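Given next are the chains, with one letter for each unit.
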Amino acid sequence: MSVTSSASQRLNPNPLIPERYLDIPSQRWYYLGLGALLQACKVVDIISSFVSSDRIYLCRKWLLFDTLFCIFLAVLRIPRLNYSKAVVALQIICLWLFDGLVFGSIRVNILGNGVTTVQHDIAYTPEAANLVDILAPFTFGLLSSSPMAQNDAHLLGQHTVRMSPISTAQLNPYGETFCLPSSGDAVLIPVLLNNTNPVNLRLSLTELGPNPDQPEVLELSGKDLRAIEQARVEALQLTRPIPQEEIDEYDEYDDDNDVPSQSSPSLQRTQTLVHIRVSKPGLLQLERVLDSSNVEARLVIPADVTVVPCPHAGFTPDKLVGDNVRCAGQENDVPLQLDIFGVAPLRLRWSKTVNGRREAFFVEGIESQSSASEHLDQGDISNSGSTWTAAPEQLQVPLAISLDTPGSYIYALEEVMDAAGNVVEPLSTHATRSFTVLRAPSTSFKHCSPEHPMALNIGSEAALTVSTIDADTLDAPWEVSLKYRPHSSEKGKRFKPWHKTLSTQGTRRDLTIAANAPGEYIITGVKGKWCTGDVLAPESCMLVEKPIPTAEIEWKKIHECSGDTGVSATLVLHGTPPFQVYYQMQKDSETPREMSQTFPMSRGQITLQPERSGHYTFTFTKLSDSNYQRVEIDGPSIDQVIHPPASADFVGVPKGLGRKKAINSCEGNVIDVEVELRGSPPWTLELQTVGPKSSEILTFSDITTNRKNLQIPIPARVDKEGGTFEIDLVSVEDKSKCKLPVSVPGISVNIRRLKPTVKFYGADGKRQVTVLDNERAALPLRLTGESPWRMKYQRVGQGSLSSVTLKTPNDVLHVTEKGTYEILEISDAHCPGSIIPDASDYTVDFVARPTAKLSEKTPATYVPLNGSYILPPLCEGMDDHVDLDLTGRPPFQIMYNIAQGNEHGGTRLIDQPVFNSIQPRTRLQLRTDDPGRVFYEVKQIGDAAYPLEKHTNTPIPRNDRLLFEQQVSMRPIARFHNRNRLPYCLYDSFAPLDKLSSDGMVVLQGTPPFQLEISIKNLATSHIERRTVEVFEHSWKLNIQNYQFASVGPHLVVIESVADASHCPHASLDPLASSIWVDVAETATIVPVDRREDFCVGEVVQFQLEGTPPWSIGYRINSKAFTQEVKMSPFSLLQQQPGEVSFTSIAHQQQMCKATIPNLNFTVHPLPSARVGHGKRILQDIHEGDQAEIIFELFGEPPFSFTYQRSELTTAKGKLGKVLETHTVSRIYSNEYSIFSALEGTFIVTSITDAHCRYPPIQPEVAEKN
């Protein structure tokens, strides 16, 4: 194995349980389920701990369980639950901490220190501790110096005496029935015991039947009963969660160790339920029950119960079990056989479900003939007192069912009951039988019948469709029988009759048959996988062969004045319409072109008149009808020389009646028009011009080309004045001298003699406008001509041309830049125009923006590097300003930025104010309230023409802005870091006591070095002394060593003034922050209030303290030193451990002025304790006339005196009943004392007193702090 794989195996070790036994996810699931079960049990214990007095036991238990759970998880090495050792240790610590909190081993002091309300201000001495006590807090209760750490350790134990009542036993108390499922099984029969702790049970078991053998005797000891009960509880734990009442903890007052039946009612306090395991059928009888006192319990009648084999029922298996498919109506009845076993007479409940609809049936009295005669003689076992029961028997019962409706059938045996009352649900494997009933299929032809035969083309196949109707998919595929019968007139090999059987594909219901012979096709039968079906109409299909289409064609020539102009053909068509005729047309030696025409009827006509002259050949080639496509025909042809008649058109004139082409002309005396001619050249063409008041015929001869450009003269009056005239074609004549009139749309000509003009318009000849910067200017124009106009212009000096489309004679030109604009070209909708020379340009100017600059009288130094003006420095809070000179149209608005420098060399914007001015010179107030470098930047200026609210997006460019700056020096400030009082002793020098403390620290702000003037006032003598100190840093601790405190009392230290290197006057000093108090004290003393020398644990010792709080008191307990901090006098100390106590020292003023305490000591004695029954809970049962001995153990210094009580018995756990009597016993010099009692009750000790102390102690009255 490689090193890498070895390391990987160490990092990811295999689980302890191999995967072949249990897979990894199941291991995780089971272990996490175990953890959840443990935590659920812990929650139950947490709830019960609130009423339990033994919480330390629960804490120890769960500390151990949680530790074992985490360690065992690490040992299992389950992937994704395998953690490192550190994580496992952290898990254990977290669980220990949680257990300690919830079970009280760790106490969180939220409301106080745990002392009673009247003692919440009392200090206390440490408790006595050994090694176990030191480790106990870290184990959260797992270790403790006392076995009853959570209870009253001084008064332990109780002795309970009970009187034993009469015992009874009852077999099968709830009247249940019992049966054995098989020979190897057993049943548990309950026995209800009252006030009985059984040690022996005797039973007898008699066989079933009329002549039983000698009964079998069974003896069960208490151990056997406990083993049976333990096995029953374990079986219940595997099948259901155990209720809380079944796993409740042990209680001395309740000796019930039973686990009640799941179906039984709750037991009384004195009742116990045990069980007897029986594995043989028969009559079981309870003979005797002995308790722990060897006394027989009284038996409750009846004392017997019958155990029989469990009944069962099922369908008899046969060879047709798997054949569960049937056909509807093909079988009358289906026989089924039932096997029933049990003690007769039997009853059976069964059901039938057909297509989801359920019907229930109930059958009684199922028994054999011999059993019926026996029952007539003996009577039913459930109603008689007979000591024998009939033996079970095996019966066979027939069941006939009918399957006449298609669908799903389910027959189920639901319940069988025997004569003893046992009810059993039959096993699912033999308790049901199911059938699927299919409907019979039916078939017929689709889209074909004798009345509507199917067409068959010659040489092709027809698809005949046979459809299966009302068939179930489960019955697929289906076999269809067909036969073919040809027509009597048909002969040949392919017309022989045949008979075939065809099958459908899968679950498809349609069967397609390819037929190529005409005749009759007949369905003779259909059969599915399971069922035979019926043939429906139409059961036959007639296939008819369709003939090929033919045509009769007759040609005719078309002759006009110019000659033969075309041909026509008359057609008679045979076949199934509609028809499509294909023919070819060939001109001279060109490639033939194929064309077609459709005819909806059997007769039609085609007329062919080509537009070009030439030798043409026309031939019919193919014919199609509804059954055949493009069938070749030998159609007749015709050759013909064709001369089309002459015709003419204007080129570009739109087709349609009344639509003319419009032509515009601005110059010249002729109009060019283009015509297109058809026919045989040369052509002679006649045109007519129609003016406002005259018309003229124009003739153009010897035209030899198909297209000709003609020049039409403009009528004289229209040419002179302008206007509109029209040009129309009149007639055309070609080579055949056949003159034909022409009726086509003409041309409308519009003649214009005035050209469009353009100019800039200006009042009084002034073509100039002034607008705001970046505002659009509208330059007025004057135009002549027809809309729309297209004008080109430029801005002088720019070089590039611009164009614009104008729509009205008084339109305007919009521009956004200043300068002179010049018109270059103009044209209207038809003609180019001219520009009026003296009005071809226009000038646009902008209104100047306002500006600002520093006044010449303002003292400032200009720095070209950053373009800023440096103003003279000044102190914080002083008034200063600058004067600005403004240009523009008042009133002005000035927006400027105010920024302040930071320690990193950058700036921070602190404000952006706006101020108004109506004068060209204004005064700008400077900001001096914060020290530092202040920068000013004029961002934007507004005036009457450029108000700020309308031009917020057009600030001054950054390089053009006015900048100026000023240094504002800080005023020096001095204050104390805090106002904590400084403690000093008499005759101490005024020097720092603790160099690490910030008490007495003076914090300085400004530019060092600083000059501090400090005054020290003695309030006792009213003497004030002043000192001046030079400080070179920003903090200084009070250190005036040449000053000595000469008297006791408070002293006031005040900072009078401060100065720094900036020579600015200091800021106003805060009276509170610039002063501090110094307390000068003498030596402290302690005086005890009570001069006693003996005290008890739990008592409070009071002392009177003199001096200035807080005090620090040193004392010893059993030669071990302790220190107590005290904040007020008098001082009370609660004693918590026995021993010799002596006070050694006292100090005040925070461990200052310490003094020794002589001869202050006393003795603390431990509290006495008592135990009943050696500190345990003893439960003792006695009979009438007997006595019980109750033993009391006493601990302390004799003589003793103690008080005990007897309480009545109660069922509440952890609580005592009503107190019946109380006694006090005194002057006892021994450590053990006993009494005898014949009375029932619980005995406990309530108090004990020894030579020095009493428990419980009498609490001293401590005055509460107001």
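About the cut-offs
Residues numbered from 1 in each chain as written. Predicted model: local features only at pLDDT ≥ 70, side-chain atom pairs only at ≥ 80, totals over all residues. Heavy atoms only, no water. Helix = DSSP H or I, 4+ residues; strand = E, 2+ residues; numbered from the N terminus. Buried < 20%, exposed > 50% of the residue type's maximum accessible area, 1.4 Å probe, protein only. Contact = heavy atoms within 4.5 Å. Areas by Shrake-Rupley, 256 points an atom, 1.4 Å probe, with all protein chains shown as cover. Phe/Tyr/Trp six-rings, centres within 6.5 Å; stacked < 30°, edge-to-face > 60°. Disulfide = S-S within 2.5 Å. Pairing = 2+ DSSP bridges. Expected span 1.5 Å × (residues − 1). Core = buried A, V, L, I, M, F, W, Y, C linked by side-chain atoms within 4.5 Å. Axes fitted to C-alpha atoms, helices over the stretch in contact; angles between N-to-C directions. Parallel < 35°, antiparallel > 145°, perpendicular 65-115°, else oblique. Left-handed = near helix turned anticlockwise from the far one by under 90°. Salt bridge = Lys/Arg side-chain N within 4 Å of Asp/Glu carboxyl O.

Our focus in this paragraph is the overall build of the protein chain. Of regular secondary structure, the protein chain possesses eight helices and 94 strands. Taking all 1266 residues of the protein chain together, the buried fraction comes to 40%. Considering only contacts in the protein chain between residues 6 or more positions apart, those separated by 24 or more positions represent 70%. Summed over all atoms, the accessible surface of the protein chain reaches about 70600 Å², with 52% contributed by carbon and sulfur.

What follows covers the packing of aromatic side chains. Taken as a whole and assessed by the stated rule, the structure comprises 33 aromatic pairs. On the basis of an interplanar angle of 25° and a centroid distance of 5.8 Å, the ring pair of Tyr484 and Trp498 is categorised as stacked. One end of the pair, Tyr484, is in strand β25 (residues 479-485); the other, Trp498, is in strand β26 (residues 498-503), and 14 residues separate them in sequence. Since its relative accessible area comes to 3%, Tyr484 is described here as buried.

We now examine unusual backbone geometry. Cis peptide bonds are those with omega within 30 degrees of zero, and the linkage from Pro890 to Pro891 qualifies with 0°. With a phi angle near 55°, Asp470 is a residue other than glycine that sits in the positive phi range. Mapped onto the elements of the fold, Asp470 is located in the loop between β24 (462-469) and β25. With a phi close to 60°, His1063 is a non-glycine residue in the positive phi region. The residue His1063 is located in the loop between β76 (1049-1059) and β77 (1075-1081) in this model. Of the residues examined, His1063 reaches a relative accessible area of 72% and is grouped as exposed.

Quick look at the state of the cysteines now. Scanning all chains against the criterion turns up six disulfides. Bridging Cys179 to Cys310, the disulfide has an S-S length of 2.0 Å. Since a negative S-S torsion denotes a left-handed disulfide, the Cys179-Cys310 link at about 85° is right-handed. Of this pair, Cys179 sits in strand β5 (residues 178-180) while Cys310 is found in the loop between β12 (304-309) and β13 (312-315), placing the two residues 131 residues apart along the sequence. Under the relative-accessibility criterion, Cys310 is labelled buried at 10%. Two residues share a disulfide in this structure: Cys327 and Cys531, whose sulfurs sit 1.8 Å from each other.

Burial along strand β83 (residues 1131-1134) is two-sided: the residues Phe1131 and Leu1133 and Ser1132 and Leu1134 are all buried. Relative to β83, strand β1 (residues 123-124) runs parallel, the two sharing two bridges. Bridge pairing links Tyr124 to Leu1134 in β83. Note that strand β80 (residues 1100-1106) and β83 share four bridges and pair antiparallel. Across the sheet, the residue bridging to Val1101 is Leu1133, located in β83.

On to the sheet that holds β83. The mixed open sheet is built from four strands, whose spatial order is β1-β83-β80-β78. Strands with a single pairing partner mark the edges of an open sheet, and in this sheet they are β1 and β78 (1085-1088). Where β78 and β80 come together, four bridges link them in antiparallel fashion. Counted as the bridge partner of Ile1086 is Leu1105 from β80.

Take the environment of Pro309 next. Along the chain, the position of Pro309 falls in strand β12. With 28 residues separating them along the chain, Pro309 and Pro281 place their C-alpha atoms 6.3 Å apart. Setting aside residues no more than four positions away along its own chain, Pro309 makes contact with Cys179, Leu180, Leu208, Pro281, Phe341, Pro392 and Asp418.

Here the focus is helix α3 (residues 55-76). Across its 22 residues, α3 extends 32 Å between first and last C-alpha, which sits within 8% of the 32 Å expected from 1.5 Å per residue. By the burial criterion, the buried members of α3 are Ile56, Leu58, Cys59, Trp62, Leu63, Asp66, Thr67, Phe69, Cys70, Leu73 and Leu76. Backbone geometry just after α3 places Arg77 at a positive phi near 55°.

Counting residues in each nonpolar core, the largest one holds 46 residues, and the members touching the most others are Ile1086, Phe1103, Phe1143, Ile1146 and Phe1202. Discounting chain neighbours no more than four positions away, the residues touching Phe1143 are Ile1086, Phe1103, Ile1113, Gly1114, Tyr1115, Leu1133, Ile1157, Leu1160 and Phe1162. Judged by nonpolar contacts, the second largest core, of 26 residues, contains Ile671, Leu698, Ile727 and Val749.

As for its placement among the helices and strands, Thr468 is situated in strand β24. Non-local contacts of Thr468, meaning those with residues more than four positions away in its chain, are made with Pro441, Ser442, Thr443, Trp478, Arg509 and Asp510.

Our focus in this paragraph is the environment of Gly459. By the secondary structure assignment, Gly459 is in the loop between β23 (454-457) and β24. Accessibility expressed as a relative area gives 81% for Gly459, which makes it exposed. Along the primary structure Gly459 and Asn516 are separated by 57 residues, whereas in three dimensions their C-alpha atoms are 7.5 Å apart.

As a further point, take the packing of α3 against helix α4 (residues 85-102). In contact at an axis separation of 10 Å, α3 and α4 are set at 165° when each is read in the N-to-C sense. Taken together, the axis directions place α3 and α4 in an arrangement best described as roughly antiparallel. Relative to α4, α3 is oriented so that their crossing is right-handed. Seen from α3, the contacting residues are Arg55, Cys59, Trp62, Leu63, Asp66, Thr67, Cys70, Ile71 and Ala74; seen from α4, they are Val88, Gln91, Ile92, Leu95, Trp96, Asp99, Gly100 and Val102.

In this section: the sheet that holds β77. Spatially, the five strands line up as an open sheet ordered β69-β77-β76-β72-β73, and their pairing is mixed. Taken across any chain shown, the strands that pair with only one partner, and hence form the sheet edges, are β69 (982-985) and β73 (1023-1031). Across the sheet, the mean angle from the axis of one strand to that of its neighbour is 25°, orientation sign disregarded. Both strand β72 (residues 1010-1018) and β76 contribute to a ladder of eight bridges, which runs antiparallel. Each residue of the ladder has a partner; that of Asn1018, found in β76, is His1051.

A few words on the environment of Leu1220. Structurally, Leu1220 can be placed in strand β91 (residues 1219-1228). Given a relative accessible area of 40%, Leu1220 falls into the partly exposed group. When the C-alpha atoms of Leu1220 and Glu1208 are compared, they prove to be 6.4 Å apart, with 12 residues separating the residues in sequence. The residues touching Leu1220, leaving out its near neighbours within four places in the chain, are Arg1206, Ser1207, Glu1208 and Glu1240.

Let's shift gears to the pattern of salt bridges. Proximity of charged atoms lets side chains of opposite charge pair with each other. Using the criterion set out here, one finds 36 salt bridges in the structure. Its salt-bridge partner being Asp472, residue Arg439 comes within 3.1 Å of it at the nearest N-O pair. Pair noted here: Arg439 is in the loop between β21 (432-438) and β22 (442-446) and Asp472 is in the loop between β24 and β25, with a separation of 33 residues, a long-range link. A salt bridge links Glu825 to Lys792; its shortest N-O distance comes to 3.9 Å. Of the two residues, Glu825 is situated in strand β54 (residues 819-827) and Lys792 in strand β51 (residues 789-795); the sequence distance between them amounts to 33 residues. For Lys792, a relative accessible area of 35% gives the class partly exposed.

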